[in-house]
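Residue-level listing of the chains:
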Amino acid sequence: MGGEGAGAVVYSAASVQRPIMTTISANLQAVLARIARAEQAFGRPPGAVRLLAVSKTWPAACVRDAARAGQRAFGENYVQEGVDKIDDVADPALEWHFIGPLQSNKSRPVAERFDWVHSVDRARIAERLSQQRPPDRAPLSVCLQVNVSGEASKSGVAPAELSALAARVATLPRLCLRGLMAIPAPTEDFEAQRAAFRQLRMLHAQLCAEGHALDTLSMGMSHDLEAAIAEGATLVRVGTAIFGARPTVADAVR
Ligand SMILES: *Cc1c(COP(=O)(O)O)cnc(C)c1O
């Protein structure tokens, strides 16, 4: 995939201007404050929403700075960039989430090195991840990515096929089905943001009614995390608001 190469190049470029520690720390505190305010405003218990810091395109030094400021969970979109960064940061206290589109031929390093995958959208990928998950690691936590109406990316299982995919994934021994993820089309309209997230919440409730013990709704990014929290997000994936605008236009729209 073209994006894979682009991500790797940006990551390794020594010339990338990176935000300094104090900026990352201050941005993290600001995002945590936004989350806390939204929890309170929409009747969610304090601490109901976890923050995933999306470090794609940013060098390992930025992850270390965020970790020093207390952040534990990091999200990556590109397999090689993510694995290189996991090695580079080498901090066993951190938790790594793969959130990007995943091709079958790149599933092995993800199964071996990540703690979570948010972007499972077909049985074949799930089967490979389960087969390739090393026996000495805990089962890989997975979310199914759903293509809610108007989703910007073409990734994601159609809502009509979600129930069958969840049933299949639940049988795979080395995976733990945790919940759902979506990336709705960007919009500035708060009610439109909520409507897309509500769709994901209803699908989540439907799967729970079918007997799946799900605890995760992965939805909301820098520009729409309040709407996601209003609709029940348990994990928001935030890049720009923590690390700044990503270095390339191609990455900025992902
Ligand atoms: C890049 C990305 C994010 C973070 O987006 P921001 O707008 O920078 O907060 C979240 N989720 C996924 C799947 C992404 O690819």
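Look a little higher up for the structure.
1. A word on the site of the ligand
Turning to step 1, where the next piece is worked out: Taken together, 13 residues are adjacent to the ligand, and K56, N77, S222, T240 and R246 come closest.
Turning to step 2, where the next piece is worked out: Between N77 and the ligand, the recorded distance is 2.8 Å, taken from a side-chain N or O atom to an oxygen atom.
Turning to step 3, where the next piece is worked out: Take R237: an N or O atom from its side chain is 2.9 Å from a nitrogen atom of the ligand.
Turning to step 4, where the next piece is worked out: Look at the ligand: alone it shows 390 Å² of surface, and the protein chains cover 95% of it.
Turning to step 5, where the next piece is worked out: Among the residues forming the shell around the ligand, the class breakdown is five nonpolar, four polar and four charged.

2. Things to note about helix 2 (residues 21-41)
Turning to step 1, where the next piece is worked out: Its 21 residues place the ends of helix 2 30 Å apart at the C-alpha level, agreeing with the 30 Å of an ideal helix rising 1.5 Å per residue.
Turning to step 2, where the next piece is worked out: Of the positions making up helix 2, those classed as buried are I24, L28, V31, I35, A38 and E39. The buried residues of helix 2 occupy an angular sector of 105° when projected down its axis, which confines them to one face. Set apart from the buried face of helix 2 by more than 90 degrees, the exposed residues are T22, R37, Q40 and A41.
Turning to step 3, where the next piece is worked out: Buried residues along helix 2 sit in contact with strand 1 (50-54), helix 3 (60-68), helix 9 (225-230), strand 8 (235-238) and helix 10 (240-243).
Turning to step 4, where the next piece is worked out: Backbone geometry just downstream of helix 2 places G43 in the positive-phi region, at approximately 70°.

3. So, the packing of aromatic side chains
Turning to step 1, where the next piece is worked out: A full pass over the atoms with the stated rule returns four aromatic pairs.
Turning to step 2, where the next piece is worked out: For the ring pair F42 and F190, a centre distance of 6.1 Å and an interplane angle of 25° mean the geometry is stacked. Here F190 lies in helix 8 (residues 190-209) and F42 lies in the loop between helix 2 and strand 1, a separation of 148 residues in the sequence.

4. What about the nonpolar core?
Turning to step 1, where the next piece is worked out: The biggest cluster of nonpolar side chains holds 62 residues, and the ones touching the most others in it are V117, L129, L144, L180, V236, I242 and F243.
Turning to step 2, where the next piece is worked out: Among residues more than four places away in sequence, those in contact with V117 are F98, L102, V110, L129, L140, S141, V142 and C143.
Turning to step 3, where the next piece is worked out: With five residues, the next largest nonpolar core counts L52, A73, I99 and L235 among its residues.

5. Looking at the pattern of salt bridges
Turning to step 1, where the next piece is worked out: According to the stated counting rule, one finds 15 salt bridges in the structure shown.
Turning to step 2, where the next piece is worked out: Between R178 and D215 there is a salt bridge; the shortest N-O distance is 3.0 Å. Pair noted here: R178 is in strand 6 (residues 175-181) and D215 is in the loop between helix 8 and strand 7 (216-218), with a separation of 37 residues, a long-range link.

6. Considering the environment of G70
Turning to step 1, where the next piece is worked out: Summarising the element assignment, G70 is placed in the loop between helix 3 and strand 2 (73-76).
Turning to step 2, where the next piece is worked out: On the accessibility criterion, G70 (48% relative accessible area) is partly exposed.
Turning to step 3, where the next piece is worked out: For the pair G70 and Q29, spaced 41 residues apart in sequence, the C-alpha to C-alpha distance is 9.7 Å.

7. Details of the packing of helix 2 against helix 3
Turning to step 1, where the next piece is worked out: The interhelical angle for the contact between helix 2 and helix 3, taken along N-to-C directions, is 55°, at an axis separation of 9 Å. Classed by the angle they form, the pair helix 2 and helix 3 counts as oblique. Regarding helix 2 and helix 3, the two cross each other, and that crossing is right-handed. Between helix 2 and helix 3, the residues in contact are M21, I24 and L28 and C62, D65, A66 and R68, respectively.
Turning to step 2, where the next piece is worked out: Split by residue class, the contact of helix 2 with helix 3 holds five nonpolar, no polar and two charged.

Calculation criteria
Residues numbered from 1 in each chain as written. Predicted model: local features only at pLDDT ≥ 70, side-chain atom pairs only at ≥ 80, totals over all residues. Heavy atoms only, no water. Near = heavy atom within 4 Å. Polar contact = N/O pair within 3.5 Å; in protein donor to acceptor, adjacent residues only side chain to side chain. Areas by Shrake-Rupley, 256 points an atom, 1.4 Å probe, with all protein chains shown as cover. Nonpolar A, V, L, I, M, F, W, Y, C, P; charged D, E, K, R; others polar. Helix = DSSP H or I, 4+ residues; strand = E, 2+ residues; numbered from the N terminus. Expected span 1.5 Å × (residues − 1). Buried < 20%, exposed > 50% of the residue type's maximum accessible area, 1.4 Å probe, protein only. Arc of directions from axis to C-beta. Contact = heavy atoms within 4.5 Å. Phe/Tyr/Trp six-rings, centres within 6.5 Å; stacked < 30°, edge-to-face > 60°. Core = buried A, V, L, I, M, F, W, Y, C linked by side-chain atoms within 4.5 Å. Salt bridge = Lys/Arg side-chain N within 4 Å of Asp/Glu carboxyl O. Axes fitted to C-alpha atoms, helices over the stretch in contact; angles between N-to-C directions. Parallel < 35°, antiparallel > 145°, perpendicular 65-115°, else oblique. Left-handed = near helix turned anticlockwise from the far one by under 90°.

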